[in-house]
Structures are given as structure tokens and as C-alpha cells.
Amino acid sequence: MGKKRVMVPAKDLDLSTVKYEHEVIKAPHLTGSMLKLFVRMVEAPVLGSLIMSFLKKQNKMVEMLQNTVIPEAPMFKPEFPPQDAEPSVVIVDEERKPEDRVELALKCLPHYDPACCWSGDSLPSFRYWKIRDYAYAYRSKLVTPSMVAEKIISIIEDCNYHKPPTPLLISFDAEDIRKQAAASTQRFEEGNPLSILDGIFMAIKDDIDCYPHPSKGATTWMHEVRSVEKDAVCVSRLRSCGVILVGKANMHELGMGTTGNNPNYGTTRNPHALERYTGGSSSGPAAIVASGLCSAALGTDGGGSVRIPSSLCGVVGLKTTYGRTSMEGSICDAGTVEIIGPIASTVEDIILVYAAILGSSPEDRISLRPPPPCFPDLSSLENANTLGSLRLGKYTEWFNDVHSTDISDVCEDVLKLLSKSHGCETIEIVIPELHEMRTAHVVSIGSETQCSLNPDCEDGKGVKLTYDTRISMALFRSFTASDYVAAQCLRRRIMHHHMEIFKKVDVIVTPTTGMTAPKIPSSALKDGETDMQVTVHSVSAYLMRFIIAGNLLGLPAITVPVGYDKQGLPIGLQLIGRPWGEETILHLASAVEELCAKSRKKPASFYDILNIK
């Protein structure tokens with residue numbers, strides 16, 4: 001018998017003894033025939049369990065989960081201590097109609113005159129059209145939603161003939177889009193649009209219900225066992241605001257990968273470099289927004305799946321506090337790490353979409369007791385001055401643990417700009433047990449995924465999954481009940497560490513990803529790939545290095561584009577906030593966006609949708 005490791009209680013941990021450990025993942029990178037052979041091996045009854053046991057031991061998972069005494073009690077979903085109200089915010093009643101909440105959010109935005117964008121005066125070399133630009137164009141009768149719909153439909157249909165193919169949507173119905181756009185056009189003609197979001201085009205990730213489209217989760221079979229009778233709650237709220245839903249966006253199958261690779265429907269390409277991945281698993285939503293095709297999209301985030309593709313595609317992605325938005329009507333509605341969150345080209349558009357979709361489920365209101373949601377008041381300069389009191393926490397060794405120093409250098413420059421322009425103070429912090437956090441996350445999301453998919457896999461659907469998903473499922477099947485409980489004990493420990501950090505700082509800052517968009521191997525297009533250093537949820541490695549706290553602990557986090565590496569690929573800065581502190585990270589994100597606005601570059605693949613000629 002090996003000697004058991006005994007952890008000291010989290011409250012007694014001496015931070016001066018914590019040493020940062022660069023994570024080295026021991027796992028194979030496979031494509032093509034070797035990938036298929038490996039799948040056969042890991043699915044074999046005896047051999048498979050031996051391989052998984054070996055891999056887990058190599059990566060210290062067995063040591064951490066089975067050979068360690070963890071003194072904390074398990075925490076089976078995020079439990080947050082009460083939080084003080086943030087300064088300079090507007091409190092919103094989540095019981096109000098979505099369109100009323102959107103109207104309130106609109107009043108919180110800074111002054112903006114969309115008319116200047118149509119005069120051609122003093123415009124930056126490149127900018128995305130904002131939701132307020134569309135609203136002005138519709139109200140001024142410069143264009144109609146129906147005219148915009150025809151342009152979007154034409155582009156989506158043309159995407160099927162691109163070389164290489166650029167599959168953005170899995171489900172798309174041109175007549176349904178025309179019908180929604182005609183209704184919106186009529187509302188504008190009658191002078192009574194439903195909200196600022198009326199006539200705004202949005203895509204919905206394929207694991208969120210959007211009637212009458214099927215929800216396949218990018219599989220070939222999910223729609224056969226799970227019917228869609230109505231919109232998901234978040235989608236219903238958008239529809240009540242007049243949003244035009246263009247269809248179901250492509251994704252990494254079942255959300256189980258961070259690249260967006262999908263042999264079933266084709267792999268979505270990064271608009272900034274078509275030979276590169278978008279990031280996943282919300283690959284389609286991020287690419288659709290980055291290419292200018294839609295103002296915003298909804299994604300899900302259980303392991304960085306909103307923030308990673310948003311960062312790699314150079315747009316904004318918000319992961320809300322766990323329980324802030326309802327998960328009802330999504331494929332992953334039973335987990336403890338996932339949320340539905342918006343992706344948009346600007347922070348203000350994120351705020352408007354967030355205002356529409358927010359609202360906890362009745363169950364979460366009872367168990368999580370969320371405080372009322374708030375919006376940052378960006379409408380006055382006086383409130384902008386409150387940024388000066390913000391303390392930004394930076395764990396330097398972690399912050400700098402990136403594939404290319406371009407990333408840490410660009411992000412560091414932004415922190416200096418925030419200090420110079422707004423007086424924000426950067427404070428050095430230490431985050432203990434990062435490897436334990438990653439392990440607890442993969443066991444949590446893996447066990448919950450396995451639980452929800454097990455009936456279908458037992459019914460023969462498992463062999464219809466892509467090869468990399470099948471490898472993930474083999475890993476997830478190897479987790480035991482005691483592994484899951486140990487992971488939840490680690491969750492409580494790590495929550496304690498973060499709540500102690502938030503006594504000293506207001507926001508934790510990191511790069512969003514440790515690498516920019518990786519190249520798509522040509523050998524991975526037909527059958528996919530498994531590269532545990534990049535793709536599989538069992539490790540964070542470079543793409544997942546900085547995003548796990550948002551999911552395991554349920555904390556709010558946002559990624560904002562801040563620049564580019566030497567290859568011209570987007571870099572994102574991540575802001576992680578206190579529980580229920582969306583307003584603070586949105587306020588800070590708005591300031592970051594303004595500081596970096598002039599450096600924004602037009603993607604190689606971009607559609608100027610409002611410029612109808």
C-alpha cells in the first residue's frame with residue numbers, strides 16, 4: 001500500500017509554500033488510422049480500462065482523487081457566500097419582461113450617435129456594426145430587416161460552396177428567416193418595434209433548443225432521441241424582444257472539445273485565418289459573430305466553450321455566474337458547470353443580449369439565492385471614474401505560462417494602460433492547487449456528461465459519436481463514484497481559496513487562452529483528432545489553462561479582444577469576477593475595449609451586412 005497524501009485544511013494553507021507547477025500532459029496526439037485503432041483499444045473491455053488507468057496515473061489523477069485525504073466536505077454545485085453590492089450599478093428586477101430589461105440596459109450605455117457611421121466621417125479603419133447601428137438603420141428606413149435577411153440568406157447558402165467549406169450552421173431554414181424578418185419589418189413600418197433587439201439577427205448553438213429546429217448537439221443522432229417542442233427559456237426571451245433567429249450554429253460534438261473540429265458537419269473555420277481552428281465548443285457562434293454575419297449568438301460554456309472561441313476569433317464572450325441564466329431547454333441542462341452565455345462583437349452588445357436572457361430558474365433561486373442582477377452604468381463620466389478603485393489580481397507565473405510571449409506581453413500592456421488611464425491597481429496574487437482544480441473540473445463535467453448520455457450509449461448510439469468524443473467518453477466511464485465525491489471536496493477547497501483572493505482584489509486577470517488559434521491538420525478533417533494537450537476536456541493545457549475557475553466554481557468571466565500575435569491572430573484578455581459580479585467585469589471590459597479599439601483588424605473573411613448595395 002502506498003502512503004496516502006493528506007491535505008491541510010484549506011483555511012490553514014500557507015500560501016508562501018505554494019509553488020507554481022507548469023503542467024505537462026502525458027497523452028498521445030492521434031489522427032487518421034492511428035486514432036481509429038486507439039478508439040478500438042480504449043473501448044475494449046479489459047485493455048481499455050488498463051489504458052485509461054495508465055493515463056490517469058501518468059497525469060497524477062489517481063494520486064489526487066484516490067490516494068489523497070481531502071479534509072473538506074463535498075460541494076455538489078457552486079455555493080457562494082453573500083456578496084456586497086457593487087458601486088455605480090443599476091439594479092434590475094429579473095421578473096420584469098425581457099424587453100423592459102433590455103430598455104433599462106440601453107439607458108446604461110454610453111452616448112452614441114449611429115448617424116455618424118452613415119456619414120463616413122472620422123470612422124476607424126475597421127469596426128463592427130453594433131446593435132444600435134441596426135436599430136438606427138431600421139428606424140431611419142435606410143434598410144429593413146427583410147433586406148438584411150436576404151443578404152444573410154444568400155451568404156449562408158454560398159458558404160456551402162466555399163473552398164475550403166466553411167460550415168457555420170447545422171440547421172437553417174430560409175423561409176423561416178424570411179417570415180421572422182417580414183414580421184419585424186412590419187413592426188418598424190407601424191412604428192412599434194418590440195425593443196432595441198427587434199430585427200437583430202442571432203445564431204443559436206446546436207445544443208440549445210430553438211423551435212422548430214432540431215437540437216443535435218452536432219451529433220448525427222441526438223434529434224432522434226430528443227425532440228424539440230418549444231424554445232429554450234433563453235431563446236424564448238430573445239424572441240419576445242424581436243430577435244430574428246437564423247438557425248442552429250455548428251459546434252464541437254456534444255461540446256466535448258476545445259477546437260471546434262467536427263467530422264459530422266464539417267469544421268468551422270476561423271474568420272481571421274481559414275486554415276486555423278475557431279476554438280470550441282461554440283465554434284459556429286463565434287465564427288458567425290466574428291465574420292460580421294450576425295450581431296450576436298448564444299453559446300454554452302462548461303469548460304471555456306464560450307470564452308475560448310470568442311478569444312481565438314477576436315470577439316467578446318460572457319460566461320455568467322452559474323445559475324444567473326436558465327439552462328432549461330438545453331442539452332446540458334443537468335450539469336453543475338455549464339451556463340448559456342452571449343457572444344457578440346462589442347461589450348455593449350453583450351450587455352443588451354445579457355439583459356434579455358438573464359433570469360435564474362425557480363430551482364436555482366431557491367438553492368443559490370442569487371442577488372438581483374445589475375448593469376454597469378456607463379452613461380456618465382462620473383461612473384467611469386469608479387474604475388480607479390478596482391484592484392486587479394494577477395498570478396504572474398500563471399499569467400506568463402503561455403505558448404508565445406506575444407500573448408502575455410499584449411495582455412500585460414493592457415494592464416499598464418488600465419493603470420495609466422483609469423488608475424486600476426494590479427496586485428500580485430497566488431492561486432493554490434491549479435492542477436487539483438483542473439482534475440476536479442474534468443471529473444465533474446465528465447461524470448455529469450456520462451450520466452446524461454449513458455442511456456443512449458447503452459442503446460447503441462455511442463458508436464455513432466466521433467472518435468475523439470468516444471475517447472473522452474471512455475475516460476469519463478473510468479471515473480468512479482468516489483472520484484466524483486473527491487472532486488466535489490476539491491471544489492469546496494478551491495472555492496475557499498478564491499473567496500480569500502476576492503477579499504484582496506475585485507477581479508482576477510489572465511490571458512483567455514495560452515495560445516492563439518491552432519492550425520487545422522488536414523489529416524483531422526475526415527475523422528477528427530485527439531490531442532490531449534490541445535483538445536480533450538481532461539486537461540486544460542494551453543487552450544483551457546485559464547478558464548476552469550469560471551466553470552468549476554461558477555464564477556462570472558468575460559473575454560475581450562486586446563490585440564494580435566506576430567501572425568496576426570487575435571489575443572483575448574479574461575476578467576474573472578466575484579460571484580454574481582457580472583456588472584464589474586462588464587464595466588472593466590468596456591474600458592479595456594475602448595483602450596484597444598484602434599488596434600482592431602478586419603477578419604480575412606468578413607461580411608459588411610448593413611452595407612446593402
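Residues numbered from 1 in each chain as written. Predicted model: local features only at pLDDT ≥ 70, side-chain atom pairs only at ≥ 80, totals over all residues. Heavy atoms only, no water.

Going by the annotation in an unreviewed UniProt entry, the name recorded for the chain is Fatty acid amide hydrolase isoform X1, with Gossypium hirsutum given as the source organism. As stated in UniProt under Sequence similarities (unreviewed entry), the record for the chain gives "Belongs to the amidase family." (UniProt positions renumbered as here; feature names shortened; annotations may be inferred.)

Peer 1: Residues and numbers for the layout of surface pockets, please.
Peer 2: Regions of empty space are outlined by a rolling probe, equal in size to a water molecule, passed over the atoms. Taken as a whole, the second largest pocket holds about 660 Å³ of empty space. In this structure, the second largest pocket is lined by 29 residues; those nearest its centre are K19, E21, E433, H435 and E436. At the level of elements, β1 (5-6), α3 (61-65) and α18 (434-461) are the ones that each hand at least two residues to the lining of the second largest pocket. Of the residues assigned to the lining of the second largest pocket, the class counts are 13 nonpolar, five polar and 11 charged. (1 Å grid on protein atoms, 1.4 Å probe; cavity = no way out; pocket = protein on both sides within 12 Å on 5 of 7 lines; lining within 4 Å. Points joined across faces, edges and corners; volume = space filled by probe spheres on them. Helix = DSSP H or I, 4+ residues; strand = E, 2+ residues; numbered from the N terminus. Nonpolar A, V, L, I, M, F, W, Y, C, P; charged D, E, K, R; others polar.)

Peer 1: Tell me about the nonpolar core, and name the residues and values.
Peer 2: Formed by 181 residues in total, the largest nonpolar core has its most connected members in F201 and L298. Among the elements that take part in this core, helix α13 (residues 347-357) stands out by supplying nine residues, more than any other. (Core = buried A, V, L, I, M, F, W, Y, C linked by side-chain atoms within 4.5 Å. Buried < 20%, exposed > 50% of the residue type's maximum accessible area, 1.4 Å probe, protein only.)

Peer 1: Let's hear about the side chain of E433: which residues, and what values?
Peer 2: In this fold, E433 is placed in the loop between β15 (425-428) and α18. Residues contacting E433, with those up to four places away along its chain left out, are M7, L13, R493, I494 and H497. (Contact = heavy atoms within 4.5 Å.)

Peer 1: Describe the pattern of salt bridges, with residues and values.
Peer 2: All chains considered together, the criterion is met by 30 salt bridges. Note that K526 is salt-bridged to D527, the shortest N-O span being 3.9 Å. A residue is classified by how much of its surface remains accessible, and D527, at 14% relative accessible area, is buried. Counted as one network, the salt bridges with shared partners bring together K36, K526 and D527. (Salt bridge = Lys/Arg side-chain N within 4 Å of Asp/Glu carboxyl O.)

Peer 1: Go over helix α10 (residues 233-240) with me, naming the residues and quoting the values.
Peer 2: By the burial criterion, the buried members of α10 are C234, V235, R237 and L238. Taken around the axis of α10, the buried residues stretch over an arc of 160°, which confines them to a single face. Buried residues belonging to α10 abut α4 (98-108), β6 (201-205), β7 (244-249), β10 (296-301), β12 (339-344) and α13. (Arc of directions from axis to C-beta.)

Peer 1: Go over the pairing of strand β18 (residues 557-564) with me, naming the residues and quoting the values.
Peer 2: Within β18, eight of the eight residues are buried, leaving the element largely enclosed by the surrounding structure. Relative to β18, strand β11 (residues 316-319) is paired through three bridges, and the arrangement is antiparallel. Counterpart to G317 in the pairing with β18 is T559. Alignment of β18 against strand β19 (residues 570-577), held across seven bridges, turns out to be antiparallel. (Pairing = 2+ DSSP bridges.)

Peer 1: Hey, could you go over the sheet that holds strand β16 (residues 507-511) for me, with residue numbers and the actual values?
Peer 2: Spatially, β5-β7-β6-β10-β12-β11-β18-β19-β16-β14-β15 is the arrangement adopted by the 11 strands of the open sheet, whose pairing is mixed. Because the sheet does not close on itself, it has two edges, and the strands there are β5 (169-171) and β15. Direction aside, neighbouring strands of the sheet carry axes that sit 35° apart on average. Note: β16 against β19, five bridges, orientation antiparallel. Across the sheet, V507 pairs through a bridge with G577, a residue of β19. Those strands touched by helix α17 (residues 405-422) are β14 (391-394), β15, β16, β18 and β19, and its axis lies near 55° from that of β19. (Axes fitted to C-alpha atoms, helices over the stretch in contact; angles between N-to-C directions.)

Peer 1: Which residues make up the side chain of D301, and what are the values?
Peer 2: Tracing the sequence through the fold places D301 in strand β10. Side-chain polar atoms of D301 contact the backbone nitrogen of V306, separated by 3.2 Å. Excluding residues that lie within four positions of it along the chain, D301 makes contacts with V306, R307, K319, V337, E338, I339 and N551. (Polar contact = N/O pair within 3.5 Å; in protein donor to acceptor, adjacent residues only side chain to side chain.)

Peer 1: Explain helix α23 (residues 582-596) residue by residue, including any values.
Peer 2: Each α-helix winds once per 3.6 residues, and so residues spaced three or four apart point in a common direction. When the terminal C-alpha atoms of α23 are compared, their 21 Å separation across 15 residues agrees well with the 21 Å that a helix rising 1.5 Å per residue should span. Within α23, 13 of the 15 residues are buried, which leaves the element mostly enclosed by the surrounding structure. (Expected span 1.5 Å × (residues − 1).)

Peer 1: Account for the packing of aromatic side chains, with residues named and values stated.
Peer 2: Under the definition given, this model contains 12 aromatic pairs. Ring centres of Y20 and Y395 lie 5.7 Å apart, and the angle between their planes is 90°; this geometry places the pair in the edge-to-face category. With a gap of 375 residues between them, Y20 in the loop between β1 and β2 (29-31) and Y395 in the loop between β14 and α16 (396-399) connect regions that are remote in the sequence. The residues Y20 and Y395 share a single accessibility class, namely buried. Note on Y354 and F375: the rings are 6.3 Å apart at their centroids and 80° apart in plane angle, and the pair reads as edge-to-face. Highlighted residues: Y354 in helix α13 and F375 in strand β13 (residues 374-376), separated in sequence by 21 residues. There is no split in this pair, since Y354 and F375 are both buried. Grouping aromatic residues by their ring pairs yields a cluster made of Y20, Y395, W398 and F546. The cationic tip of K130 hangs over the ring face of Y112; the distance from NZ or CZ to the ring centre is 3.9 Å. When the ring centre of F399 is taken as reference, the NZ or CZ atom of K394 above it lies at 4.9 Å. (Phe/Tyr/Trp six-rings, centres within 6.5 Å; stacked < 30°, edge-to-face > 60°. Lys NZ or Arg CZ within 6 Å of the ring centre and 35° of its normal.)

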